[in-house]
Structures are given as structure tokens and as C-alpha cells.
Amino acid sequence: MNNPRVHVSNHPLIRHKLTKLRDINTEPKKFRELIREIAILLAYEATADLAVEENTVVTPLQETTGYRLKEKIGLVPILRAGLGMVEGFWEMMPPAEVWHIGFYRDERTLKPVAYYNRLPVSPTVEVCVVLDPMLATGGSAVECVNLLKKWGAQRIKFVGMIGAPEGIAKLTEAHPDIDIFLGAIDERLTTEEDAFPAGYIMPGLGDAGDRQFGTG
Ligand code: PRP
Ligand code: URA
């Protein structure tokens, strides 16, 4: 992937944990733990360009100059599967606001259907970080970013665990101004010819929402 806006981690910890996440034998409890842990690692990578400002700190030895995050950050998990990524990010940036957005994919058309949005009238944060483990056709991510831009969000990042080439292409075409952080890029989306329903990431990990919440 030579789009400089698409960042795919090659961190060994992410590769290791992502492999466990994919494993069909990984139970929901472990799956949720892995989502949280990978989210922490991706948070580290996705926040490298956040602005800081100097502040003063008193150590046991003397007063010195330190730094604090300058911008207000909003975490935007796409329901349901994005929920599991919130905790890891929030641990790293406790003052972040969390704005839930609900989309589900219509099983037949694969188009995202919006069902939850309680964003206030105008933006309350300077950086929005959209969280969703799966970037498949890209429909949900594109619609979520559309919504955030309409809201007035100035800086938006997308963070996911696995992206399909189709979804990455769709998101970068629709929103070339956002940075995308992923744990891996997989081969393709499934079609009617595959044993799994069409529109899933191959090899992927299956249904991220069902695997987290035990509803599969
Ligand atoms: C999954 C996933 C994304 C979406 C990705 O959610 O969490 O939101 O599919 O697919 P797309 O890139 O083709 O839009 P799903 O619709 O299964 O809802 P859920 O998280 O509530 O299970
Ligand atoms: N949503 C999922 O949860 N998994 C996929 O592979 C595609 C969409």
C-alpha cells in the first residue's frame, strides 16, 4: 500500500495478537481482551502526531517543563464492534470524549444502515478517532466520516484491526484527507462463491461483533 495516509502496522505484538484474534478457537472473553490490547497498540501508532503543549511539573527534585496533550480528542466507536476498542484507547487518553455511532450492514445489500447518533449540534472535539475493527466494503466507515464531517469535525482518523483492499480503496477515495491505521490488510472480500456469506474479509476473523458479544 503506497498511499501515505494508510498506515499498516508491522509491529510484532500486533501481528502476534491479531493472529490469536483470527483464530476460530478464540472464545469471546479472550477475543475482547485481544481487541482491547491491540487497540492500545494501535492507539500508540495513531496518535504519534497529536499536538502537545508545554506545562510545568514538580518532580521530587525540582520544577521542570513537561508536556500535555493540547487537542480535545473524541473517540467514535461504530456500534457494535467498535465498542471493544474504546477501553484500550480510553486507558491511554482518559479525558477523551466518546461519541457512539450506530450502523449495521444490511445483510442483503451490504449497505450501512444508520440507527444511532446523539452527536450534539456542533463539534466538541478537535480530533475524531473512528474505531471499528473491520473495514470491509468500507460503507460503514465512509458513512461515519460523512456524518462527522457534516457535524463539522476538522481532523478525523480511522483505526481498525483488519482492512480489505476494497474497503481501503473506498474510504481513501471518499475521504482522501483522513489517516487510516490498520493492524493488517487482508486479501479480499468474500463473494457468493465462498462458503462464508459475501462481503466478509478473507481470511479475516469472521463477524467481529458476534465474536465479541457471543451472539454468533
Ligand atoms: C461490521 C463492522 C463494521 C462493518 C464493516 O459491523 O464492525 O461496522 O461491519 O463492514 P463494511 O466495511 O462493509 O461497512 P456490522 O454491520 O456487522 O454490525 P455489528 O458490529 O453490530 O455486528
Ligand atoms: N464485518 C465483520 O464483522 N467482519 C467482516 O469480515 C466484514 C464485516
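What counts and what doesn't
Residues numbered from 1 in each chain as written. Chains lettered and ligands numbered in written order. Predicted model: local features only at pLDDT ≥ 70, side-chain atom pairs only at ≥ 80, totals over all residues. Heavy atoms only, no water. Near = heavy atom within 4 Å. Polar contact = N/O pair within 3.5 Å; in protein donor to acceptor, adjacent residues only side chain to side chain. Areas by Shrake-Rupley, 256 points an atom, 1.4 Å probe, with all protein chains shown as cover. Helix = DSSP H or I, 4+ residues; strand = E, 2+ residues; numbered from the N terminus. Nonpolar A, V, L, I, M, F, W, Y, C, P; charged D, E, K, R; others polar. Buried < 20%, exposed > 50% of the residue type's maximum accessible area, 1.4 Å probe, protein only. Contact = heavy atoms within 4.5 Å. Phe/Tyr/Trp six-rings, centres within 6.5 Å; stacked < 30°, edge-to-face > 60°. Patch = residues over 30% accessible without salt bridge, like charges linked within 9 Å, V, L, I, M, F, W, Y side chains within 5 Å. Salt bridge = Lys/Arg side-chain N within 4 Å of Asp/Glu carboxyl O.

**Q** Give me the site of ligand 1: which residues, what numbers.
**A** Surveying the vicinity of ligand 1 reveals 16 residues, the closest of which are Arg105, Asp132, Thr137, Gly138 and Ser140. At 2.9 Å, a side-chain N or O of arginine 80 approaches an oxygen atom of ligand 1. Here an oxygen atom of ligand 1 and a side-chain polar atom of aspartate 132 are 2.5 Å apart. Compared with its free state, where it exposes 500 Å², ligand 1 has 91% of that area covered by protein. For the shell around ligand 1, the secondary-structure elements that each account for two or more residues are strand 4 (73–79), strand 6 (101–105), strand 9 (134–135) and helix 4 (139–151).

**Q** Hey, could you go over the site of ligand 2 for me, with residue numbers and the actual values?
**A** Inspection of the region around ligand 2 gives Arg105, Met134, Ala136, Gly199, Tyr200, Ile201, Gly206, Asp207 and Ala208 as its neighbouring residues. In the model, a nitrogen atom of ligand 2 is placed 2.8 Å from a nitrogen or oxygen of the glycine 206 main chain. In the model, an oxygen atom of ligand 2 is placed 2.8 Å from a nitrogen or oxygen of the alanine 208 main chain. When ligand 2 is considered free in solution it has 240 Å² of accessible area, and contact with the protein chains removes 88% of it. Looking at the shell around ligand 2 residue by residue, the class counts come to five nonpolar, two polar and two charged.

**Q** Quick one: what's the story with the environment of glycine 102, residue by residue and with numbers?
**A** Among the secondary structure elements, glycine 102 is positioned in strand 6. For glycine 102, a relative accessible area of 0% corresponds to the buried category. Between the C-alpha atom of glycine 102 and that of isoleucine 78, which follows or precedes it by 24 residues, the distance is 5.7 Å. If near-sequence neighbours (up to four positions away) are discounted, glycine 102 is found in contact with Leu79, Val113, Ala114, Tyr115 and Tyr116.

**Q** So, the packing of aromatic side chains: which residues are in play, and what are the values?
**A** All told, the structure shown has three aromatic pairs when counted by the stated rule. With centroids separated by 5.9 Å and ring planes inclined at 40°, the aromatic side chains of tyrosine 104 and tyrosine 115 adopt a geometry described as tilted. Residue tyrosine 104 is located in strand 6, and its partner tyrosine 115 is located in strand 7 (residues 112–117); the two are separated by eleven residues in the primary sequence. Exposure remark for tyrosine 104: the relative accessible area of 43% places this residue in the partly exposed category.

**Q** So what's going on with a nonpolar patch on the surface? Which residues, and what values?
**A** The grouping of Met1, Val8 and Ile185 at the surface amounts to a nonpolar patch, some 250 Å² of accessible area in total. Counting through the fold element by element, isoleucine 185 comes out in strand 11 (residues 179–185).

**Q** Break down unusual backbone geometry for me, with residues and values.
**A** Residue leucine 79 is joined to arginine 80 through a cis peptide bond whose omega torsion reads -5°. Tracing the sequence through the fold places arginine 80 in the loop between strand 4 and helix 3 (83–92). Put simply, methionine 202 and proline 203 share a cis peptide bond, and its omega is 0°. The backbone of leucine 110 shows a phi angle near 65°, a positive value even though the residue is not glycine. Structurally, leucine 110 can be placed in the loop between strand 6 and strand 7. Taking the relative accessible area as the measure of exposure, leucine 110 reaches 18% and is therefore buried.

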